[in-house]
Amino acid sequence: MTIPALRVENLQVEYTVGKRQLRAVSGVSFEIGAGETLGLVGESGSGKSTTGLALLRLIDPAGGRIYLLDTDVTTLKRRDLRNLRKRMQIVFQDPYSSLNPSMTIGQLLEEPLIIHTDHPTSERRAQVASALQSVGLTPAHAARYPHEFSGGQRQRVAIARAMMVRPELVVLDEPVSALDVSTQSQILNLLRQIQKDSGTAFLFVAHDLAVIRLMSRNVAVMYLGEIVEQGPAARIYDQPAHPYTAALISAVPVPDPARAHMVGEIILRGDLPSPLDPPSGCRFRTRCPFAMPICTEQVPPPTNIAGGGVTACHLHQHGPRLDGQPLGDFLRLGVAP
Amino acid sequence: MSVTTASFIDPAAAPLPPPSSFWSRFRRNPVAMTSLLILIAITLTAIFAPEIAPHNPMRSSLRAVLKSPNAMYWLGTDDLGRDVASRLIFASRLSLIASIQALSIALIIGLPLGLISGYAGGWTDIVITRINDAIMSFPALILAVVIVGLMGPSLTNAMTAIGIVYAPRIMRVVRGSTLSVREEVYIMAARATGCSDTRIIVHHVLPNIVGPLLVQSTVLLGHALLAEAGLSFLGLGAQPPQASWGAMLGQAFPYMAQSPVPTIAAGMIISVTVLCFNLLGDGLRDSVGRVRRAGE
């Protein structure tokens, strides 16, 4: 068995809000295989971006373990973090604010090489030029400043910057959600090409399910700091096993009316509860159309799902006792537990 | 409010005017432009003083003491029979250099402290800021007088004192700008890239606070010039036979009844220069405004 590129075990991240502890990520575990993409999806406030930042220790985790191959990221000392940065990179959501406006594109791309390599200037310049070409820009762009570029072009620069030191893993924190739809597909294709060429593993954080499906082999669905369901993308999209996943998928507009109601629709009401005061038992129960008394009392245990993956929902042991079967029939028949 | 501004055009798709650059905004500000031109003229005068001055500023003629302005002596002569116009021209060198000296010292002290305070935060910030506030609560000129009293009167000591007194003002502007820049995503991106704190401060924070720093520095140059004039007027700055504008003002003042022109001329040139520095500072402040991203 090969070691996954990234393994996260029971990750916890807390923020201090006033005098209280806000648990933004509580007990998240997942793995990403080398050269694979895990899509991390959820509403805003679900803790998906925080998870991405914690992986790079841009926010220090409050608990849990993160392994990059066999390196335990969580115990690295501050001065050892620099070496981690060479192996793990991030692309931020907003290319308008993630590039220093006072540096040229060339300087921005050269910086990772200055920090992590001892290549001479001429060698660095050559690498910058080839990096620009590999993201569809030209070497002449190196002398320009970020404000001279469009959003899509800037995101290309940000991707090139992340890939400069050939990292093993890149966290893509909503890399296309700030872009026009036409630009989005170009950037997504670019990312797929880069992954094919470099074998870099991606953690793709997004709220757009269509984008996640296009990009990911596996998908993890986050709700209020927890992963409620994860598994192979195809199974999750066609046969969700958690009501929250089903609700997210039924919220995606389907271009084919014949397919539109294949899985029953679940309309979510209300807002995400405050993570300062999460609901007892199952965190999703306040918005779940199938909530049962037991959901208030017990945290749902993880259940293996037929077709791959895991979910945490009481419907599998109680009520209709789905017992690892996807929600499909249950939703279609509209059986109330 | 008009409702016609409502539009169905997607703001992201609508063409945006090209972002106006710093210089194009500054150029359209007549007051600031005039101030800049006057200051350039004064600087050129200082640089080419030997070529411009009609007389030797040090040569006294006892036959021409306290003369009124005439064709030979444009602004008359002082109590030792030296040409006032020539002396003012040469004095511009000392006054400008002294101001720059004071500003340099203020920058050397205030800039690193402001960067560290704003970037590090926490206790470092609290300690530096409190000391800063304590220094700022003293009246600047009085504090400078005390420092000069301790170090002895000379122009260099006076300007060192002014520099120390003004350092907190630089520090405060730098700290404030650093605080806001520190929260930018590109600073987190720099950390993610693996930049050290020093590298982040020098390469990522400093270039992005140049605007406010430039504004504050320009205004402080004016203040330093005024402080130099004040200290020299009191005899705590430039020492005879050196001539600075303030020293000349102090020297001409007792003879104001016999010959008012030198006093007025020295006072005028100080006022105009300080005013130009202040107006230039205001103009820069209006033009510097950070170039916001499209659509914001």
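*Asks:* Run through the domain arrangement of chain A, naming residues and quoting values.
*Replies:* A common way to report how large an interface is uses the accessible area buried once the components associate. Residues and elements named next belong to chain A. Examined at the domain level, chain A breaks down into domain 1 (6-216) and domain 2 (241-333). Spacing between the C-alpha centres of domain 1 and domain 2 amounts to 31 Å. Taken together, the twelve residues of domain 1 in the interface contact nine residues of domain 2. Contact between domain 1 and domain 2 buries roughly 930 Å² in total, counting both sides, with carbon and sulfur atoms accounting for 62%. The largest per-residue losses of area from domain 1 upon contact with domain 2 belong to R20, E43 and L209, which jointly make up 51% of the total buried on that side.

*Asks:* Give a description of the confidence of the model for chain B that names residues and reports values.
*Replies:* Residues and elements named next belong to chain B. Here chain B averages 86 in pLDDT, and 91% of its residues register 70 or above. Low pLDDT, under 50, characterises residues 1-18; the stretch is placed with four contacts to residues that sit more than four places away or in other chains. Here residues 290-296 is a poorly scored stretch, pLDDT under 50, and it has eight contacts once near neighbours within four places are set aside; other chains count. Scored as a whole, the predicted complex attains pTM 0.83, and scored at its interfaces, ipTM 0.87.

*Asks:* Could you give me a rundown of the sheet that holds strand 7 (residues 169-173) of chain A, with the residues and numbers involved?
*Replies:* Residues and elements named next belong to chain A. Reading across from one edge, 6-7-8-3-9-10-12-11 is the order of the eight strands in this open sheet, with mixed pairing throughout. Two strands bound the open sheet, and with one partner strand each, they are strand 6 (88-91) and strand 11 (302-304). For this sheet, the mean angle separating the axes of adjacent strands, direction not counted, is 20°. The sheet strands contacting helix 1 (residues 48-55) are strand 3 (37-41), strand 6, strand 7, strand 8 (201-206) and strand 9 (218-223), and the helix crosses strand 8 at an angle near 150°.

*Asks:* Which residues make up the interface of chain B and chain A, and what values go with them?
*Replies:* Of the residues lining the interface, 18 residues belong to chain B; the matching set on chain A comes to 25 residues. The junction of chain B with chain A conceals about 1,900 Å² of combined surface from both sides, 56% of it contributed by carbon and sulfur atoms. Here chain B is connected to chain A by one salt bridge. B:R199 is paired through a salt bridge with A:E111; the nearest N and O atoms lie 2.8 Å apart. The tally of links between chain B and chain A comes to twelve residue pairs in polar contact (both at pLDDT 80 or more). Looking at the side of chain B that touches chain A, the elements that each hand over two or more residues are helix 8 (185-193) and helix 9 (197-205) of chain B. At eight residues, the largest contribution of residues to the side of chain B that touches chain A is made by helix 8 of chain B. Across the side of chain B that touches chain A, the residue classes tally to nine nonpolar, six polar and three charged.

*Asks:* I'd like a rundown of helix 4 (residues 121-134) of chain A, residues and numbers included.
*Replies:* All names here are of chain A. Relative to the 20 Å expected for 14 residues at 1.5 Å per residue, helix 4 spans 20 Å between its end C-alpha atoms, a close match to the ideal helical length. Among all positions in helix 4, only R124, Q127, V128, A131 and L132 are buried. Buried residues of helix 4 fall within an arc of 135° about the axis and therefore sit on the same side. In this structure, the buried side of helix 4 is in contact with helix 3 (105-116) and helix 5 (151-163). Of the residues trailing helix 4, G136 is marked for its positive phi of about 85°.

*Asks:* Could you give me a rundown of the nonpolar core, with the residues and numbers involved?
*Replies:* Soluble globular proteins tend to bury their nonpolar side chains together. Ranked by internal contacts, the top residues of the largest apolar core, which has 64 residues, are A:L109, A:I159, A:L191, A:F204 and A:L315. Setting aside residues up to four positions removed in sequence, A:F204 forms contacts with A:T37, A:L38, A:G39, A:L40, A:L172, A:P175, A:L188, A:L191, A:V211, A:I212 and A:M215.

*Asks:* Describe the side chain of B:T273, with residues and values.
*Replies:* Residues and elements named next belong to chain B. Among the secondary structure elements, T273 is positioned in helix 12 (residues 260-288). In this structure T273 comes out as buried when scored by relative accessible area, which is 0%. Setting aside residues no more than four positions away along its own chain, T273 makes contact with L39, I42, L225 and W245.

Conventions adopted
Residues numbered from 1 in each chain as written. Chains lettered and ligands numbered in written order. Predicted model: local features only at pLDDT ≥ 70, side-chain atom pairs only at ≥ 80, totals over all residues. Heavy atoms only, no water. Domains from an automatic or database assignment. Contact = heavy atoms within 4.5 Å. Buried area = accessible area lost by both parts, 1.4 Å probe. pLDDT = per-residue confidence, 0-100. Pairing = 2+ DSSP bridges. Helix = DSSP H or I, 4+ residues; strand = E, 2+ residues; numbered from the N terminus. Axes fitted to C-alpha atoms, helices over the stretch in contact; angles between N-to-C directions. Salt bridge = Lys/Arg side-chain N within 4 Å of Asp/Glu carboxyl O. Polar contact = N/O pair within 3.5 Å; in protein donor to acceptor, adjacent residues only side chain to side chain. Nonpolar A, V, L, I, M, F, W, Y, C, P; charged D, E, K, R; others polar. Expected span 1.5 Å × (residues − 1). Buried < 20%, exposed > 50% of the residue type's maximum accessible area, 1.4 Å probe, protein only. Arc of directions from axis to C-beta. Core = buried A, V, L, I, M, F, W, Y, C linked by side-chain atoms within 4.5 Å.

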